[in-house]
Amino acid sequence: MEDKKLYTLLVYSENLAGILNQITAVFTRRQVNIESLNVSASSIEGLHKYTITAWSDEDQITKITRQIEKKIDVVKAIYYTDEELFIRETGLYKLATDSVLGNPEISRTIRRHEATITEVNPTYVIVMKSGKTEEILSLYKALNDFGCMLQYTRSGRIAVTRSKQEEVSEYLEQRERSVASR
């Protein structure tokens, strides 16, 4: 069996109640765990974009994508590997203020990782880092080694394709042409 790989699915649908449940149910039925999920409006008016990551093999992710695309309210579903996308996540790190002020190496570590201090108060310091998953985790490990971490969270992945326009745009244009030619 082929080794599992991290795939990102971009799913486009109208913004309707219940569609997220229908999409995630496809993963559940195939016993594939969703690693991250982000839902937002897309660049195409009236469509929402679901960015879903999951570890799978290509055969299984192809089947999942086809099943999602069969849902009546889904316009298009496409899977990608990391090389085909521009990907970002955001990490938030809540650190103890006394530790940060007492150890200049913590501030140097934050700067070295190109993170930003977004809030400072007597109790905690909030640090934000945007980047690839590995970069977010690297800063987490570095800060955690100082023993100053109070809280940490990471967003779901957001992604855009490396092609000029989203594939769903091409799909919608083709659909419009076929409707117009009838």
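Only a predicted model underlies this, so the values are computations on that prediction, with no experimental measurement involved. Residue positions within a chain follow its written sequence, with the count starting from 1. Reporting in this predicted model follows two pLDDT cut-offs: at least 70 for local features of residues, and 80 or more for side-chain atom pairs to be given and counted; totals over whole chains, interfaces and linings ignore these cut-offs and use all residues. Hydrogens and water are ignored here; the side-chain numbers use all heavy atoms of the structure.

**Here we look at the sheet that holds strand E3 (residues 48-56)**
Put simply, the rule reads: Strand pairing is defined by DSSP finding a minimum of two bridges between the two strands. Runs of E in the DSSP output that reach at least two residues are strands. Runs of H or I that reach at least four are helices, and both are numbered from the N terminus. Helix axes are fitted only over the stretch in contact, all axes being lines through C-alpha atoms; the angle between N-to-C directions runs from 0 to 180 degrees.
Strand order in this open sheet of four strands is E2-E3-E1-E4, and the pairing throughout is antiparallel. The open sheet terminates on both sides in strands that have one partner only, identified here as strand E2 (34-41) and strand E4 (74-80). Shown here is a sheet whose adjacent strand axes are inclined to one another by a mean of 15°, direction ignored. Relative to E3, strand E1 (residues 5-13) is paired through nine bridges, and the arrangement is antiparallel.

**Describing the packing of helix H1 (residues 19-29) against helix H2 (residues 58-69)**
Short version of the rule: Roughly parallel means an angle under 35 degrees; roughly antiparallel means over 145; roughly perpendicular covers 65 to 115; every other angle is labelled oblique. Each crossing gets its hand from how the near helix is turned against the far one by less than a right angle, where anticlockwise is left-handed and clockwise is right-handed. Should any heavy atoms of two residues lie within 4.5 Å, those residues are counted as being in contact.
Taken N-terminus to C-terminus, the directions of H1 and H2 make an angle of 150°; their axes are 10 Å apart at the nearest point. Accordingly, the angle class assigned to the pair H1 and H2 is roughly antiparallel. Our pair here, H1 against H2, has a crossing hand that is right-handed. Contacts from Ile23, Val26 and Phe27 in H1 reach Ile64, Gln67 and Ile68 in H2.

**Describing the nonpolar core**
Basically, it comes down to this: The term nonpolar core refers to a set of buried residues drawn from Ala, Val, Leu, Ile, Met, Phe, Trp, Tyr and Cys, joined through side-chain atoms within 4.5 Å. Buried means the residue's accessible area, taken with a 1.4 Å probe over protein chains only, is under 20% of the maximum for its type, while exposed means over 50%, and partly exposed covers the values in between.
Within the largest apolar cluster, 16 residues are counted, with the highest numbers of intra-cluster contacts made by Leu9, Val11, Ile23, Phe27, Ile52, Ile64 and Ile68. Broken down by secondary-structure element, the contributors of at least two residues to this core are E1, H1, E3, H2 and E4. Those residues in contact with isoleucine 52 that lie beyond four places of it in its chain are Tyr7, Thr8, Leu9, Val11, Ile23, Phe27, Ile34, Ser36 and Leu37. Ranked by size, the runner-up nonpolar core spans 13 residues in total, among them Ile110, Val125, Val127 and Ile136.

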